[in-house]
Amino acid sequence: MARKSSIQQLDPRLRDAIDTLIREGRFTLDDILAHLAQLNGGEPPVSRSALGRYAQRAEEQMRRYREAQEVAKVWVAKFESEPDGDVARLLPEMLRSVAFQTLGNMGEREESAEAQEVMFLAKAMKDLASADVLTTQRILKIREETAKKAAVEAVKTAKAQGLSDEAAELIRQKILGVV
């Protein structure tokens, strides 16, 4: 595992100040270093290059987060308009892909994953598994209802064509898979 960056090793108060200034997006690295020096009693506690690397990673994460939000808005709108459509079936697969991608990214990061991140990822994976079970149950229920309706219609048609009750019952059982 890679060692923690000097930013990650800072006092949480200083790290929060850095994160806030980076998120605001209107400060240069030199501005942030000057602010850190002021908070730290005169000397900035990290180098400009370490701060630059940290800021680049933070900005990239924010960019990806904003993109993900935009994509999510589109998918949620589509899902709301067609709750049983292709998007509803595709959504769990997409979430699973994101979860595995996140897991892979955790291994590539300079700092180690926090326990809370791992917990959230594990919960997401558990919820995806539950969603798969519910989806499978729903599909099976729909198939069962469709088969019942088809069996009733087949029996009606068979009896209308003069088939005996026993023959119609045999057709119904075959359709339902009882035989």
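Before reading on, note that the structure itself is shown above.
First, a word on what this report is: a plain description of the structure on this page. Predicted, not measured: the structure shown is a model, and the values here were computed from it.

**Thoughts on the nonpolar core**
- Grouped together as the largest cluster of nonpolar side chains are 14 residues, with contacts concentrated most on Ile7, Ile18, Ile22, Ile32, Val46 and Leu51.
- Looking at this core, the elements that each hand over two or more residues are helix 1 (12-24), helix 2 (29-40) and helix 3 (48-81).
- What Val46 contacts, discounting residues up to four positions off in sequence, is Ser6, Ile7, Leu10, Leu33, Leu36 and Leu51.

**Some details on helix 2**
- The end-to-end C-alpha distance of helix 2, which contains 12 residues, comes to 16 Å, matching closely the 16 Å that a straight helix rising 1.5 Å per residue would cover.
- All buried positions along helix 2 are accounted for by Ile32, Leu33, Leu36 and Ala37. Angularly, the buried residues of helix 2 cover 140 degrees about the axis, an arc narrow enough to put them on a single face.
- One or two steps after helix 2, the chain reaches Gly41, where phi turns positive at roughly 90 degrees.

**What to know about the environment of Lys78**
- Structurally, Lys78 is set in helix 3.
- What makes Lys78 partly exposed here is its relative accessible area of 38%.
- A sequence separation of 68 residues divides Lys78 from Leu10, and the C-alpha atoms of the two residues are 44 Å apart.

**Let's talk about the environment of Asp165**
- Turning to its location among the elements, Asp165 is positioned in helix 6 (residues 165-176).
- For the pair formed by Asp165 and Val155, sequence separation is 10 residues and the distance between their alpha carbons is 8.6 Å.

**Describing the pattern of salt bridges**
- Taken as a whole and judged by the stated rule, the model has 11 salt bridges.
- Note that Lys73 and Glu70 form a salt bridge whose closest N and O atoms lie 3.6 Å from each other. Taken together, the residues span about one helical turn, with Lys73 and Glu70 both in helix 3 at a distance of 3 residues.
- Overall, Lys73 belongs to the exposed group, its relative accessible area being 55%.
- According to the relative accessible area criterion, Glu70 is partly exposed, its value standing at 47%.
- The shortest N-O distance in the salt bridge between Lys148 and Glu144 comes to 3.3 Å. Here Lys148 and its partner Glu144 are both found in helix 5 (residues 115-160), 4 residues apart, which amounts to about one turn of the helix.
- By relative accessible area, Lys148 is classed as partly exposed at 38%.
- What makes Glu144 partly exposed here is its relative accessible area of 39%.
- Taken together, the shared-partner salt bridges connect Glu60, Arg63, Arg64 and Glu67 into one network.

Parameters at a glance
- Residues numbered from 1 in each chain as written.
- Predicted model: local features only at pLDDT ≥ 70, side-chain atom pairs only at ≥ 80, totals over all residues.
- Heavy atoms only, no water.
- Core = buried A, V, L, I, M, F, W, Y, C linked by side-chain atoms within 4.5 Å.
- Buried < 20%, exposed > 50% of the residue type's maximum accessible area, 1.4 Å probe, protein only.
- Helix = DSSP H or I, 4+ residues; strand = E, 2+ residues; numbered from the N terminus.
- Contact = heavy atoms within 4.5 Å.
- Expected span 1.5 Å × (residues − 1).
- Arc of directions from axis to C-beta.
- Salt bridge = Lys/Arg side-chain N within 4 Å of Asp/Glu carboxyl O.

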